[in-house]
Amino acid sequence: MVSALAGDVDEVLTGSVRFLDAWRRAGSPARSILAPAAAGVAMIHGLRDDHDARREWQEIMDRLGTSPEHVYGYGAVFDAMLLLHRGQAPEALERTAPEPRQVWKWVTWIWHHWYVALRAEAAVLAGSPRARDCLAEARTAVAGNPVAGAIVERARALLDGDQEALLATAEAFDAAGCRYQSARTLVLAGGGHASRGAAALAALGLAPTAPAL
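Remember, it's a predicted structure, so these values are computed and weren't measured experimentally.

Draft legend 1. View of the packing of helix α7 (residues 109-125) against helix α8 (residues 131-141). At a minimum axis distance of 9 Å, the contact between α7 and α8 shows a crossing angle of 160 degrees. Considering the angle they form, α7 stands roughly antiparallel to α8. Along this stretch, α7 crosses α8, giving a crossing that reads as left-handed. Facing α7, whose interface residues are H112, H113, V116, A117, R119, A120, A123 and V124, α8 presents A131, C134, L135, E137, A138 and A141.

Draft legend 2. Main features of the pattern of salt bridges. Counting across every chain of the model gives 15 salt bridges. Here R55 ties to D52 by a salt bridge, and the two come within 2.5 Å at their closest N and O atoms. Of this pair, R55 and D52 both sit in helix α4 (residues 51-64), three residues apart, roughly one helical turn. Owing to a relative accessible area of 56%, D52 belongs among the exposed residues under this scheme. One salt bridge in this structure joins R132 and D160, with 2.9 Å as the shortest N-O distance. Of this pair, R132 sits in helix α8 while D160 sits in helix α9 (residues 146-160), and the two are 28 residues apart along the sequence.

Calculation notes
Residues numbered from 1 in each chain as written. Predicted model: local features only at pLDDT ≥ 70, side-chain atom pairs only at ≥ 80, totals over all residues. Heavy atoms only, no water. Axes fitted to C-alpha atoms, helices over the stretch in contact; angles between N-to-C directions. Helix = DSSP H or I, 4+ residues; strand = E, 2+ residues; numbered from the N terminus. Parallel < 35°, antiparallel > 145°, perpendicular 65-115°, else oblique. Left-handed = near helix turned anticlockwise from the far one by under 90°. Contact = heavy atoms within 4.5 Å. Salt bridge = Lys/Arg side-chain N within 4 Å of Asp/Glu carboxyl O. Buried < 20%, exposed > 50% of the residue type's maximum accessible area, 1.4 Å probe, protein only.

Right under this line is the structure:
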């Protein structure tokens with residue numbers, strides 16, 4: 001789950017093999033507590049454009065059990081990450097449409113930070129009139145979280161057209177060990193940076209991401 005959030009593809013793919021083998025040896029029990037990990041694997045396959053593998057892991061998630069926690073919590077986070085990668089910002093904003101206080105029971109712990117950060121980014125990239133408000137709310141919520149905080153700062157830089165601040169978030173992602181978000185930032189920066197970002201994504205084994213509008 002943590003590796004999926006960081007975009008550590010090799011770690012997720014290696015761990016998913018062990019996960020699946022252990023789960024099947026145990027009789028494939030319906031344990032919803034395992035679902036966030038399976039959702040993370042499914043998202044990574046989505047980022048790789050491996051549709052068959054993603055479908056397989058979505059089926060595993062269904063067997064583990066679907067709950068509101070999946071719909072509004074980790075499910076919304078992983079879905080929003082994939083939608084943003086594909087350039088589907090309006091859909092990502094719709095996926096995170098509920099205010100955090102409306103779904104507080106499921107958007108807790110680290111999911112709250114990621115939910116509000118990705119929600120803010122989706123609002124900016126979708127051109128929402130509430131983008132500035134979402135950014136302000138998210139900045140307060142993610143204080144102390146280096147990765148979610150960098151996502152929020154990246155969204156602010158995109159909204160303000162601040163290229164220097166945008167590139168600074170790439171350095172913040174690198175310092176936090178989040179190579180996927182660093183590479184995506186370079187793509188969003190455009191120009192020569194985008195070429196370097198695309199190469200970094202390819203080196204991670206991921207499909208190209210959409211540039212900013």
